[in-house]
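Okay, here's what each chain looks like letter by letter:
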Amino acid sequence: MADKDEKITLDPKSFAEAVLGGNPKRDDEENKVYIKRQLTLYLEAMLLAQDFNDLEETRLGIAKSEQRNQILQKIIERRY
């Protein structure tokens with residue numbers, strides 16, 4: 001498990017390839033249908049990984065902001 005302040009990122013291409021690796025062709029599935037399904041999964045996995053990375057960047061920014069506010073609060077408390 002990652003530390004609260006440690007940024008976790010996914011490589012979109014590697015993630016999408018891993019998703020495809022777990023999606024074998026069905027016995028009764030035509031090649032064209034399988035290829036379309038694979039392409040859809042690949043693109044959705046890429047977008048999902050990018051969305052995750054964007055959210056992770058935001059979460060890290062919020063955590064740093066919270067830390068900064070806590071430090072400022074401690075400084076204010078000691079001052080007064």
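Residues numbered from 1 in each chain as written. Predicted model: local features only at pLDDT ≥ 70, side-chain atom pairs only at ≥ 80, totals over all residues. Heavy atoms only, no water.

For the protein, the count of helices and strands is two helices and zero strands. A buried classification covers 18% of the 80 residues belonging to the protein. Total accessible area computed for the protein in this model is approximately 6,700 Å², and 56% of it derives from carbon and sulfur atoms. (Helix = DSSP H or I, 4+ residues; strand = E, 2+ residues; numbered from the N terminus. Buried < 20%, exposed > 50% of the residue type's maximum accessible area, 1.4 Å probe, protein only. Areas by Shrake-Rupley, 256 points an atom, 1.4 Å probe, with all protein chains shown as cover.)

The next point concerns the side chain of Asn53. Within the secondary structure layout, Asn53 lies in helix α2 (residues 31–79). In contact with Asn53, other than residues within four places in its own chain, are Ile8, Thr9, Leu10 and Pro12. (Contact = heavy atoms within 4.5 Å.)

Assignment of secondary structure puts Arg59 in helix α2. Taking the C-alpha atoms as reference points, Arg59 and Lys7, 52 residues apart in sequence, are found 8.6 Å from one another.

What sets the pattern is the α-helix's 3.6 residues per turn: residues three or four places apart point alike. Within helix α1 (residues 12–21) the residues assigned to the buried category are Pro12, Ala16 and Leu20. Buried residues of α1 fall within an arc of 70° about the axis and therefore sit on the same side. Opposite its buried face, α1 presents the exposed residues Ala18 and Gly21, each directed more than 90 degrees away. (Arc of directions from axis to C-beta.)

A cluster of nonpolar side chains, Ile8, Leu10 and Phe52, forms an exposed patch at the surface whose accessible area comes to about 210 Å². Following the sequence through the fold, Ile8 ends up in the segment before α1. (Patch = residues over 30% accessible without salt bridge, like charges linked within 9 Å, V, L, I, M, F, W, Y side chains within 5 Å. Salt bridge = Lys/Arg side-chain N within 4 Å of Asp/Glu carboxyl O.)

Moving on: the pattern of salt bridges. Overall, the coordinates contain one salt bridge when judged by the stated rule. Residue Arg37 is joined to Glu29 by a salt bridge in which the shortest nitrogen-to-oxygen separation is 2.7 Å. Both residues of the pair, Arg37 and Glu29, count as buried.

Structurally, Glu29 can be placed in the loop between α1 and α2. Excluding anything up to four places from it in sequence, Glu29 contacts Tyr34 and Arg37.

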